[in-house]
Amino acid sequence: MLYPWVKAFHIFFVASWFAGLFYLPRIYVNLAMVPAGSQAERGRLLLMSRKLLRFMTGLGVLAIAFGVWLWLGFGVGRGSGWMHAKLVVVLLLVAYNFACARLLRQFEAGAATRSHVWLRWFNEVPTLLLLAAVLLVVLKPF
């Protein structure tokens, strides 16, 4: 009876984490395009970024916690190749989350060197990782 609840919460927190992973780099695109004299706009975008990063990181921790519960507590995917591949995808997502935090520190320090074009491409990474995770979980190719 507990399994469907754990699975539902895992899906909920994964979807919520991805909302942040999709949106935070879009804020960075806007930050990269802020005119030099627009301190109010820059400050507002930095505040939004800090709050979103903190919130989405917490959601990511909960998504991973419920995923680990499914894996270790209920044996979902244990010993399966698709699960090992999915764990690699999760590690890449954690690394992406850390990269977002690093970019925010650079923006706060005024040392950001990435262009808005680079950030637009950076923003596509979680889309590809989400596709990989969904395909692995649904198709279980190996």
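None of these values were measured; they are calculated from a predicted model.

Bringing the environment of Val 68 into the picture now. Among the structural elements, Val 68 can be located in helix H2 (residues 39-74). Note: C-alpha distance between Val 68 and Leu 87 (19 residues apart in sequence) is 10.0 Å.

This next bit is on the pattern of salt bridges. Side chains bearing opposite charge may pair, as long as their charged atoms lie close to each other. Counted according to the given criterion, the structure contains one salt bridge. The partner of Arg 50 in a salt bridge is Glu 108, with the nearest N and O atoms 2.8 Å apart. Of this pair, Arg 50 sits in helix H2 while Glu 108 sits in helix H3 (residues 81-109), and the two are 58 residues apart along the sequence. In this structure Arg 50 comes out as partly exposed when scored by relative accessible area, which is 33%.

This part covers the nonpolar core. The biggest cluster of nonpolar side chains holds 35 residues, and the ones touching the most others in it are Leu 24, Tyr 28, Met 56 and Cys 100. Within the residue set of this core, elements represented by two or more residues are helix H1 (2-32), H2, H3, helix H4 (116-122) and helix H5 (125-139). Setting aside anything within four residues of it in sequence, one finds Cys 100 in contact with Leu 24, Pro 25, Tyr 28, Leu 53, Met 56 and Phe 122.

Moving on, we come to unusual backbone geometry. Positive phi values are uncommon outside glycine, yet Lys 140 reaches one of about 45 degrees. Tracing the backbone through its elements, the reader meets Lys 140 in the segment after H5. In this structure Lys 140 comes out as partly exposed when scored by relative accessible area, which is 43%.

Between H3 and H5, the least distance of the axes is 9 Å, while the angle of their chain directions is 160 degrees. Classified by the interaxial angle, the pair formed by H3 and H5 is roughly antiparallel. Remark: the crossing between H3 and H5 carries left-handed chirality. Between H3, through Trp 82, Ala 85, Lys 86, Val 89, Leu 92, Leu 93 and Tyr 96, and H5, the contact on the second element is made entirely by Val 125, Pro 126, Leu 129, Ala 132, Ala 133, Leu 136 and Val 137. A per-class count over the contact of H3 with H5 returns 13 nonpolar, no polar and one charged.

Within the fold, Phe 22 resides in helix H1. Looking at Phe 22, the relative accessible area reads 30%, which means it is partly exposed. In sequence terms Phe 22 and Phe 122 are 100 residues apart; their C-alpha atoms lie 10.0 Å from each other. Non-local contacts of Phe 22, meaning those with residues more than four positions away in its chain, are made with Asn 123, Pro 126, Thr 127 and Leu 130.

Here the focus is the layout of surface pockets. Reported here for the largest pocket is a volume of approximately 650 Å³. Lining the largest pocket are 28 residues, and of these His 10, Val 14, Leu 70, Lys 86 and Val 137 lie nearest its centre. Secondary structure elements with two or more residues in the lining of the largest pocket: H1, H2, H3 and H5. With eight residues, H1 is the single largest residue contributor to the lining of the largest pocket. Of the residues in the lining of the largest pocket, the class split is 23 nonpolar, two polar and three charged.

Analysis parameters
- Residues numbered from 1 in each chain as written.
- Predicted model: local features only at pLDDT ≥ 70, side-chain atom pairs only at ≥ 80, totals over all residues.
- Heavy atoms only, no water.
- Helix = DSSP H or I, 4+ residues; strand = E, 2+ residues; numbered from the N terminus.
- Salt bridge = Lys/Arg side-chain N within 4 Å of Asp/Glu carboxyl O.
- Buried < 20%, exposed > 50% of the residue type's maximum accessible area, 1.4 Å probe, protein only.
- Core = buried A, V, L, I, M, F, W, Y, C linked by side-chain atoms within 4.5 Å.
- Contact = heavy atoms within 4.5 Å.
- Axes fitted to C-alpha atoms, helices over the stretch in contact; angles between N-to-C directions.
- Parallel < 35°, antiparallel > 145°, perpendicular 65-115°, else oblique.
- Left-handed = near helix turned anticlockwise from the far one by under 90°.
- Nonpolar A, V, L, I, M, F, W, Y, C, P; charged D, E, K, R; others polar.
- 1 Å grid on protein atoms, 1.4 Å probe; cavity = no way out; pocket = protein on both sides within 12 Å on 5 of 7 lines; lining within 4 Å.
- Points joined across faces, edges and corners; volume = space filled by probe spheres on them.

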